[in-house]
Structure formats: C-alpha cells, structure tokens
Amino acid sequence: ADDQDGSKKKTIHLPLTTVQVLLNAGNRIDYFGVTAKPHVEVTEIENRIIKILKINHKISITDEQAVGHYNIKKQFQKLTNLFDGVKILTWIVGLGTLIAGVFGISNVMLLIVKERTKEIGIKRALGATPWNIKLQIINESVVLTTIAGYIGLMIGVMILEIFKYITDYMNAGSSDIFFKNPELSASLAGSALVILIISGALAGLLPAQKAIQIKPIEAIRDE
C-alpha cells in the first residue's frame, strides 16, 4: 500500500500477545498455523492437535465440525508433483536438444574433414600420427560445442535476469510473493559446461575416425 505522499508502507509483523493487548482480545485466538518438522507426518500432527483442542474445550470427540481445520499437504504435494513434472520435461527437452546438437556438430566436422582431405594427407605424409589427427578433430569439435553452449548459457542467464526484474517489479511492496529470485546456480552451470565438453568429444569421434582413415597418397592424388 502507498501513503498519501506516494511512499511505500512497510509490513510490520507483531507478536500474537501484542495484538491481543492492542485489540483487547484477551486470550482469544481466532486461528493459528502449524508446521511439521522434516520427516514428520502432517496428518498425524493435525489429528493430535484437534484431539487436544476438543479435550481442552470440552467438545465431543465425535464432533467433526466444532474445530475448523485445513491441511494444505495435498495442495502442496500437487504443486511439488507439478514442479517435478516440469523438471523431468525440462530434462527430456534438454537432452533431446543436446543429442540434436551432437549430431549437428558431428555433421559439420564430417564436412570439415572432407574439405581438408589434402591438408590431412600432407600432415600424415610429414609424419603426423593417427592420434595427432584424431586429437585435432576432437579438439575442434569440443571447441565448437563449448562456444555454442556457452553462448546459449549466457542467453539463458540474460532471460533469467529479465524475468527476475519483471517479478521484482510486480512483487514490489507485496508480502505475498509466490515466485521470486530465479537464478542459475554455479554448480549447475559448471555441470552444463562439463556435459557440453563431453558431448563435443563424442560428436568428434566419428569425424576423427574418418580423418585417420585418409591415406596420404590418395588424399593428395584426389585433390
């Protein structure tokens, strides 16, 4: 909320006892919330609290309407399942995109090997070992994959920053924030780069194998 001068009002949280004194409410409590410790069943705590309240207020144990209660465990579980589903879908899409990228880089490297047939033949004639040629092709594949992946990673970070700015603007002055501070962790970014390097190496295996099969004399003659 805003004051008349346009400044933002701050939300102040008061202790329950202070509110009771200010409102002259005595010991009356309209409602309260309870959270469970990790690995503790919420439903069990809910039943125990209701039983204690009924005993303390002399309410029949069989009366199901005297004590109002609401358990958000099912709603929370649905929300958790939704995010788990989104996470699985993200992994499927990401892996599919990564596999498509591996095939794309592999095809590009096959074309490069074909265009550099004479160069590879001359290197072999000058004493380059099959391992030298293979390592060169794999290194080039890794570099291409890493650069492309790094650019994609930077674009993703920029999108997250834009989304963060939008959510911060929409949630300004609100204490009821459902979603905030989207970010990419350093560990996840590092894992992504490692996966990209491994994928680049795999993408370069077939072109590298094709390159070492080139015979120097035949390569020079074909050109």
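Residues numbered from 1 in each chain as written. Predicted model: local features only at pLDDT ≥ 70, side-chain atom pairs only at ≥ 80, totals over all residues. Heavy atoms only, no water.

1. A look at the overall build of the protein chain
- A count of helices and strands for the protein chain gives eight helices and zero strands.
- Secondary structure of the protein chain in N-to-C order comes out as α-α-α-α-α-α-α-α.
- Out of the 223 residues belonging to the protein chain, those deemed buried represent 16%.
- Here the analysis covers contacts within the protein chain between residues at least 6 apart in sequence; of these, 61% occur between residues at least 24 apart. (Helix = DSSP H or I, 4+ residues; strand = E, 2+ residues; numbered from the N terminus. Buried < 20%, exposed > 50% of the residue type's maximum accessible area, 1.4 Å probe, protein only. Contact = heavy atoms within 4.5 Å.)

2. Digging into the pattern of salt bridges
- For the structure shown, the criterion picks out three salt bridges.
- The residue Arg-116 makes a salt bridge to Glu-140 at a minimum N-O spacing of 2.9 Å. Placement of Arg-116 in the loop between α3 (73-115) and α4 (117-125) and of Glu-140 in helix α5 (residues 130-170) is noted, with a sequence separation of 24 residues between them.
- With a shortest N-O distance of 3.3 Å, Lys-123 and Glu-119 are connected by a salt bridge. Note that Lys-123 and Glu-119 are positioned in helix α4 at a spacing of four residues, about one turn of the helix.
- Members of the salt-bridge network, linked through shared partners, are Arg-116, Glu-119, Lys-123 and Glu-140. (Salt bridge = Lys/Arg side-chain N within 4 Å of Asp/Glu carboxyl O.)

3. Concerning the nonpolar core
- With 12 residues, the main nonpolar core is built from Ile-105, Met-109, Val-113, Ile-120, Ile-133, Ile-137, Ile-138, Val-142, Ala-203, Ala-208, Ala-211 and Ile-214.
- Going through the elements one at a time, α3, α5 and α7 (205-212) are the ones with two or more residues in this core.
- Not counting residues up to four positions away in its chain, the partners in contact with Val-142 are Ile-197, Gly-200 and Ala-201. (Core = buried A, V, L, I, M, F, W, Y, C linked by side-chain atoms within 4.5 Å.)

4. A look at the side chain of Arg-116
- Classification of Arg-116 by relative accessible area gives buried; the value is 19%.
- Those residues within four positions of Arg-116 in sequence are excluded, and the remaining contacts are Lys-123, Gln-136 and Glu-140.

5. Side note on a nonpolar patch on the surface
- Residues Val-143, Ile-147, Ile-151, Ile-155 and Ile-159 make up a contiguous nonpolar surface patch of roughly 460 Å² in combined accessible area.
- Note on placement: Ile-151 falls in helix α5.
- Given a relative accessible area of 48%, Ile-151 falls into the partly exposed group. (Patch = residues over 30% accessible without salt bridge, like charges linked within 9 Å, V, L, I, M, F, W, Y side chains within 5 Å. Areas by Shrake-Rupley, 256 points an atom, 1.4 Å probe, with all protein chains shown as cover.)

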